[in-house]
Amino acid sequence: GTGTTDALVGAYYREALGRLNASWFVQANLQLPLDTYHEFKPGNQVLIDIGGRWDATDKLGLMLQLNAHYKARDSGAEAEPEDSGSRTLSISPGFTYAVTPTVQVYAFVQLPVYQRVNGVQLVADRSYAVGVSAQF
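What counts, and where the lines are drawn
Residues numbered from 1 in each chain as written. Predicted model: local features only at pLDDT ≥ 70, side-chain atom pairs only at ≥ 80, totals over all residues. Heavy atoms only, no water. Pairing = 2+ DSSP bridges. Helix = DSSP H or I, 4+ residues; strand = E, 2+ residues; numbered from the N terminus. Buried < 20%, exposed > 50% of the residue type's maximum accessible area, 1.4 Å probe, protein only. Polar contact = N/O pair within 3.5 Å; in protein donor to acceptor, adjacent residues only side chain to side chain. Axes fitted to C-alpha atoms, helices over the stretch in contact; angles between N-to-C directions.

### What about the pairing of strand β1 (residues 6-17)?
In step 1: Two elements, β1 and strand β2 (residues 22-33), share 12 bridges in a ladder whose sense is antiparallel. In the sheet register, L8 faces β2, and the bridge partner there is Q31.
In step 2: If you look at the hairpin formed by β1 and β2, you'll find four residues sitting between the two strands, and N21 has a positive phi there, around 55°.

Below, the structure written as structure tokens:
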């Protein structure tokens, strides 16, 4: 991590589309570094996701998301503001599978459709997320 203490604020809304066996959602997250560490302060970040899910079967859900990510430039004496900060818009198809009523596995691929970075930065042409979620 960056060594800073950050404030995290988020909101989530989901609505079922009954006749279609589907739902849609929107989520927004804000990450605000509250201090500096060794004269470095990471830039604020805003993430917004909107997507839909269609229940193909009782166990299989097909999903599609649009993800927007904005990161402001870093600041401080040890930062490189000219080589930090970015804007990305990605499309993310994926699926979930219910192994049991309380355990699901999921997988997504995130494909950037627009990407703008400041200066020289390494960026991925795609990324993958695979995981397990459980309810207790």
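### What about the side chain of N67?
In step 1: For N67, the position within the fold is in strand β4 (residues 60-71).
In step 2: Among the residues examined, N67 registers a relative accessible area of 7% and is labelled buried.
In step 3: Within the local environment of N67, its side chain forms a polar contact with the side chain of D49, the two groups lying 2.8 Å apart.
In step 4: Polar contacts involving the side chain of N67 include one to the side chain of Q110, which spans 3.1 Å.

### Topic: the sheet that holds β4
In step 1: Strand order across the open sheet formed by seven strands is β1-β2-β3-β4-β5-β6-β7, with antiparallel pairing between neighbours. Looking at which strands have only one partner, the edges of the open sheet turn out to be β1 and β7 (127-134). Averaged over neighbouring strand pairs, the angle between their axes works out to 15° when direction is ignored.
In step 2: Bridge analysis of β4 against strand β5 (residues 86-100) gives 12 bridges, and the strand direction is antiparallel. Paired with A68 across the strands is L89, a residue of β5.

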